[in-house]
Amino acid sequence: MALDEVRRSLHLLFMAGGGAPSIRVASSAERRHGGPRGWLQRVAGSGLRAAPSTLDTQVLALPPVVAVFDQRQLNRDLYLWLAALASVYEPRGDWIDDNRVATSRALQRFPGLRARHQRLVQAHLAQRPALQGLRGPAALWEGAVQAALRAMEHPPVPVDAIQVAPVCLWIEAQATATASDQTSSGPGGQRPDTPMQVQSAKRRQTNQVDTPDESHAFILPSRVESIRTWAEYLRVNRATDDEPDADALPAADDMDALSIAKGDKTTVARVKFDLDLPSAQADDLPLGPGRKTPEWDWRRGILIPDHCSLQSVVARPGERYSAATALQATARKMRRRFEVLRAAPRWQTGQTQGEAVDLDAWVRFHAETQAGQPHSDSPSVYASRRRNGRSLATLLLADLSLSTDAYANSQARVIDVIRDALYVFGEALAGTGDVYEILGFSSVRRQHVRIQHLKGFDEPWNDTVRSRVGALKPGYYTRMGAAIRDATRRLSARPEHQRLLLVLTDGKPNDLDVYEGRYGLEDTRHAVQAARDAGLTPFCVTIDSEAHAYLPQLFGQHGYAWVRRPEDLVNRLTQAWAILTC
């Protein structure tokens, strides 16, 4: 059973048990263990390494493939059990006792897993080493593990997970940083596209080490006698190379822990040259003074007031934008459909009379009647179709970070696909009569969050707006939380009853400072929740193939749509709007 087959189910089960929604499920890397091996394994040189199950503040790392048991159903049950166990796991320093307590708590919270857990324990005990074949501390350690698996009392025994044969039913606390946390992302949250990208998603154990002082740089002492293993940290000055090392990941797979040290040389100058803000003469025109917006710090659990500086900008007047002929035909077709939608009658619920029964209203009326609550002689339990105007306001927020400069296919970049989608979206909504606003956003740290003004609520869809859409350019990073809060402020001021906040993006929240990883996800999730509390309906449309790993945490399980092929975004964006507003 592969982790990718059950990843989404495991995350839902983990959250149902009380696990933090921001913790993602990832694959763990193999490491050495201290369990005994059979003679055939010793001859073949196998059985030395296994992928553990670990939990830290950001990731629940599980084996990428589980083939512990002969039956596929047992392997799937093992994944489910580990997710349930992790949701209640509280490390206190004693690995065996922590898992014993967590097992009892998980069985209380998920009583339906008792039978599955019992089958897993029996199958795993049959695979454990026989106690009579062990000597010394190994027998004591294995006895404590098997007693805990059988839920039997046993004197406390200090033992680490790497000292015994792998216990596939237990997890470990991972307190150290991981390699994936130490690497920096590219612009817009996209990591470098390398052939090893899939393998590098493994969760690895690391140790933070201090960089030795080079006060005597020209003295080269011999350390041959003191280096006991090739995995020991040794400072070696190597040239900076932009090309990936094809042997780096295989070497990392052979190491139990990676030593990470902060080097003296940085690439700040090169990054600043590429991503620095343009001059005032070359930049877009600012619209009024800047604004301040708060930001959520999940580490301290507080909303930092006036933490980010936002500036609305608009493109300088340029040439008239002329879309391709095929795109214009698509826009006309979408507009005609939306014009028909505008004229079509709509269901009005909660009516005293009508041609159909409003099931929700009838259920409420029946429950209130059974409870003895007074009600009128003409209950509002009917629905009728009427032609009347609706009260709807839409704000579309598009990600314009530098990651959109990448190619979506062999013919167009992501920014080109987004530009076409915004053009069709604007043309289509112009035929509905509903008010809508279109904005773009990007950022360079918290001091420079840019809101690109494309169309306001009070502006008509005309050639000026089309030229702004045609002048879109990618740049900078993705501070999504600040942009969503500003969009919430704008949309909350509208008097319409239904207010829809659409977010169009191609990757995770990301910026140059601390706004990466869990910090950016938590801030965005807090901003989305604030939008819901304000009475808005936030919804995300993305082309990121990894969206299922983090968007359910931000927008909810049904709060986003993934467009598998970026070229389909032109149609899917307007389709998502039509479904949400019908």
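Given the structure is predicted, the values throughout are model-derived calculations rather than measurements.

### Notes on the overall build of the protein
Stage number 1. Along the backbone of the protein there are 17 helices and 20 strands.
Stage number 2. Taking all 582 residues of the protein together, 44% fall into the buried category.
Stage number 3. Here the contacts in the protein between residues at least 6 apart in sequence split such that 71% fall between residues at least 24 apart.
Stage number 4. Entry remark: accessible area of the protein is about 31000 Å², with carbon and sulfur atoms responsible for 52%.

### What about the layout of surface pockets?
Stage number 1. Empty space within the second largest pocket amounts to approximately 840 Å³.
Stage number 2. Lining the second largest pocket are 36 residues, with His33, Ala50, Ala51, Pro166 and Cys168 sitting closest to its centre.
Stage number 3. Breaking the lining of the second largest pocket down by element, the ones donating at least two residues are strand E3 (49-50) and helix H3 (72-88).
Stage number 4. Residues that form the lining of the second largest pocket fall into these classes: 21 nonpolar, seven polar and eight charged.

### Structural notes on a positive patch on the surface
Stage number 1. A cluster of basic residues, Arg332, Lys333, Arg336 and Arg337, forms a positive patch at the surface.
Stage number 2. Residue placement: arginine 332 occurs in helix H10 (residues 325-343).
Stage number 3. Judged by relative accessible area, which is 46%, arginine 332 ranks as partly exposed.

### Re the side chain of serine 443
Stage number 1. With respect to the helices and strands, serine 443 occurs in strand E16 (residues 435-443).
Stage number 2. With sequence-adjacent residues up to four places away left out, serine 443 is seen in contact with His448, Val449, Tyr476, Tyr477, Thr478, Arg479, Asn510 and Asp511.

### Quick word on the pairing of strand E11 (residues 302-314)
Stage number 1. Both strand E9 (residues 285-286) and E11 contribute to a ladder of two bridges, which runs antiparallel. Looking at the pairing, proline 286 lines up with valine 313 of E11.
Stage number 2. Pairing between strand E10 (residues 291-297) and E11: six bridges, direction antiparallel. Bridging across to E11, aspartate 297 finds its partner in isoleucine 302.
Stage number 3. Taking the residues between adjacent antiparallel strands as the criterion, E10 and E11 are bridged by four residues, where glycine 301 takes a positive phi near 70 degrees.
Stage number 4. One ladder, built from four bridges, connects E11 with strand E17 (residues 449-455); its direction is parallel. Counted as the bridge partner of serine 312 is isoleucine 451 from E17.

### Here we look at the packing of helix H12 (residues 414-429) against helix H17 (residues 569-581)
Stage number 1. One way to put it is that H12 packs onto H17 with a least axis distance of 8 Å and a crossing angle of 40 degrees. As far as their axial angle goes, H17 and H12 are oblique. For the pair H12 and H17, the crossing hand works out as right-handed. Of H17, the residues touching H12 (which contributes Val417, Ile418, Asp420, Ala421, Val424, Phe425, Ala428 and Leu429) are Leu569, Val570, Leu573, Thr574 and Trp577.
Stage number 2. Taken together, the residues that form the contact of H12 with H17 break down as eleven nonpolar, one polar and one charged.

### Some details on the pattern of salt bridges
Stage number 1. In the structure shown here, the tally under the stated rule is 32 salt bridges.
Stage number 2. Arginine 7 is paired through a salt bridge with aspartate 4; the nearest N and O atoms lie 2.4 Å apart. Taken together, the residues span about one helical turn, with arginine 7 and aspartate 4 both in helix H1 (residues 3-16) at a distance of three residues.
Stage number 3. Judged by relative accessible area, which is 60%, aspartate 4 ranks as exposed.
Stage number 4. Between glutamate 339 and arginine 335 there is a salt bridge, with its nearest N and O atoms 3.5 Å apart.

### Some words on helix H6 (residues 137-149)
Stage number 1. In this model H6 runs 19 Å from its N-terminal to its C-terminal C-alpha over 13 residues, within 8% of the 18 Å that 1.5 Å per residue would give.
Stage number 2. Burial in H6 covers these residues: Trp141, Glu142, Gly143, Ala144, Val145, Gln146, Ala147, Ala148 and Leu149.
Stage number 3. Tucked into the core, H6 has its buried residues touching helix H4 (95-109) and helix H5 (114-125).

### Focus: the sheet that holds strand E6 (residues 172-173)
Stage number 1. Read from one edge to the other, the open sheet built from four strands follows the order E1-E5-E4-E6, with strand pairing classed as mixed. Each having just a single partner strand, strand E1 (24-27) and E6 make up the two edges of the open sheet.

### Some thoughts on the environment of alanine 138
Stage number 1. Relative to the elements of secondary structure, alanine 138 occurs in helix H6.
Stage number 2. Taking the C-alpha atoms as reference points, alanine 138 and glycine 34, 104 residues apart in sequence, are found 9.1 Å from one another.

### Let's talk about empty space enclosed by the protein
Stage number 1. Applying the stated criterion across every chain yields a total of two cavities of 30 Å³ or more.
Stage number 2. Arg7, Arg8, His11, Arg24, Val25, His548, Ala549, Pro552, Gln553 and Gln557 are the residues that line the second largest cavity.
Stage number 3. Only H1, E1 and helix H16 (551-555) provide two or more residues apiece to the lining of the second largest cavity.
Stage number 4. The element contributing the most residues to the lining of the second largest cavity is H1, with three residues.

### As for unusual backbone geometry
Stage number 1. In this structure, aspartate 306 is a non-glycine residue whose phi angle is positive, near 50 degrees.
Stage number 2. Along the chain, the position of aspartate 306 falls in strand E11.
Stage number 3. With a phi close to 65 degrees, arginine 445 is a non-glycine residue in the positive phi region.
Stage number 4. Take arginine 445: it is sitting in the loop between E16 and E17.

The rules behind these values
Residues numbered from 1 in each chain as written. Predicted model: local features only at pLDDT ≥ 70, side-chain atom pairs only at ≥ 80, totals over all residues. Heavy atoms only, no water. Helix = DSSP H or I, 4+ residues; strand = E, 2+ residues; numbered from the N terminus. Buried < 20%, exposed > 50% of the residue type's maximum accessible area, 1.4 Å probe, protein only. Contact = heavy atoms within 4.5 Å. Areas by Shrake-Rupley, 256 points an atom, 1.4 Å probe, with all protein chains shown as cover. 1 Å grid on protein atoms, 1.4 Å probe; cavity = no way out; pocket = protein on both sides within 12 Å on 5 of 7 lines; lining within 4 Å. Points joined across faces, edges and corners; volume = space filled by probe spheres on them. Nonpolar A, V, L, I, M, F, W, Y, C, P; charged D, E, K, R; others polar. Patch = residues over 30% accessible without salt bridge, like charges linked within 9 Å, V, L, I, M, F, W, Y side chains within 5 Å. Salt bridge = Lys/Arg side-chain N within 4 Å of Asp/Glu carboxyl O. Lys, Arg positive; Asp, Glu negative; His and termini not counted. Charge placed at Lys NZ, Arg CZ, Asp CG, Glu CD. Pairing = 2+ DSSP bridges. Axes fitted to C-alpha atoms, helices over the stretch in contact; angles between N-to-C directions. Parallel < 35°, antiparallel > 145°, perpendicular 65-115°, else oblique. Left-handed = near helix turned anticlockwise from the far one by under 90°. Expected span 1.5 Å × (residues − 1).

The analysis is restricted to geometry; functional conclusions fall outside its scope.
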